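What follows is each chain in one-letter form.
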Amino acid sequence: MRIGELARRTGVSERSLRYYEERGLLRAGRTPGGHRDYAEAAVDRVIRIQELFAAGLNSGRIARLLPCMRDADGGPSAVATPKLVADLTEERTRIDRMIADLERSRATLDEVIEAARGR
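A quick note: this is a predicted structure, and the numbers were derived from the prediction, not measured.

Scanning the protein for helices and strands turns up five helices and two strands. Seen in sequence order, the protein has helices and strands lined up from the N terminus as α-α-β-β-α-α-α. On C-alpha atoms alone, the protein measures out to a radius of gyration of 19 Å, which is more than a quarter above the 14 Å that the 2.2 N^0.38 rule sets for 119 residues. Along the first, second and third principal axes, the C-alpha set of the protein runs to 70 × 35 × 20 Å. Buried residues in the protein amount to 29% of all 119 residues. A fraction of 46% describes how many contacts in the protein between residues 6 or more apart in sequence connect residues 24 or more apart.

This is the structure:
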């Protein structure tokens, strides 16, 4: 599929798709005319990349993790390693800290809202 179709199907801009390709996160073949040609599996790959970015991972870490993950469901692939487990555990710990910080912020906001309503 062409880059425009992949962008439409995933909701990701063509510019982002080119960036993913530059960073080694996504691969495309080329048509005889030199246009990018993505396999159907690229849809799942792009969705997985977006999920990992949303979780706060940077492109370098994503590039290291993707070979160890299945695109379709995010499960471990046959090449998953103990290093993958360690990296993912580290990321989960970081996310847990972020969640705790957000919960504290929400509690503070709730207190301010309640105080403001009581006026």
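Further notes follow.
The next subject is the side chain of D87. Within the secondary structure, D87 sits in helix α5 (residues 82-117). Among residues more than four places away in sequence, those in contact with D87 are R61 and L65.

The UniProt feature table records "domain: HTH merR-type" (unreviewed entry) at residues 1-68. Split by type, residues 1-68 is 54% helix and 6% strand. Its first and last C-alpha atoms lie 25 Å apart.

The set of residues buried in helix α1 (residues 3-10) consists of I3, L6, A7 and T10. Taken end-on, α1 shows its buried residues confined to a sector of 100 degrees, consistent with a single buried face. Those residues of α1 that are buried lie in contact with α2 (14-22), β2 (36-37) and α3 (42-54). Two residues or fewer after α1 comes G11, characterised by a positive phi angle close to 75 degrees.

We now examine the packing of aromatic side chains. A complete count under the given rule lists two aromatic pairs for this structure. Ring centres 5.8 Å apart and planes at 25 degrees place the aromatic pair Y20 and F53 in the stacked group. Of this pair, Y20 sits in helix α2 while F53 is found in helix α3, placing the two residues 33 residues apart along the sequence. For F53, a relative accessible area of 27% puts it in the partly exposed group.

Under the local residue numbering, the UniProt record ascribes the feature "coiled-coil region" (unreviewed entry) to residues 85-119. As a span, residues 85-119 carries 94% helix and 0% strand, and end to end its C-alpha atoms are 51 Å apart.

Conventions we followed
Residue numbering note: each chain is counted from 1, following its sequence as written. In keeping with the predicted nature of the model, local features appear solely for residues at pLDDT of at least 70, side-chain atom pairs appear and are counted solely at 80 or more, and the whole-chain, interface and lining totals rest on all residues. Values reported for side chains reflect all heavy atoms of the structure, with hydrogen atoms and water molecules removed beforehand. Only DSSP runs of H or I reaching four residues or more are called helices, and only runs of E reaching two or more are called strands; each is numbered from the N terminus. Note on method: radius of gyration uses C-alpha positions; expected globular size equals 2.2 Å times residues raised to 0.38. Think of it in three bands: residues with accessible area under 20% of the maximum for their type are buried, residues over 50% are exposed, and the middle band is partly exposed, with areas taken using a 1.4 Å probe on protein chains only. Two residues form a contact once any of their heavy atoms are found within 4.5 Å. UniProt positions are given in the numbering used here, feature names are shortened, and annotations may be inferred rather than shown by experiment. Taking the helix axis as origin, the arc is that swept by the directions to the C-beta atoms. Working definition: rings of Phe, Tyr and Trp (its six-membered ring) pair if their centres are within 6.5 Å, and the pair is stacked with planes under 30 degrees apart, edge-to-face with planes over 60 apart, and tilted otherwise.

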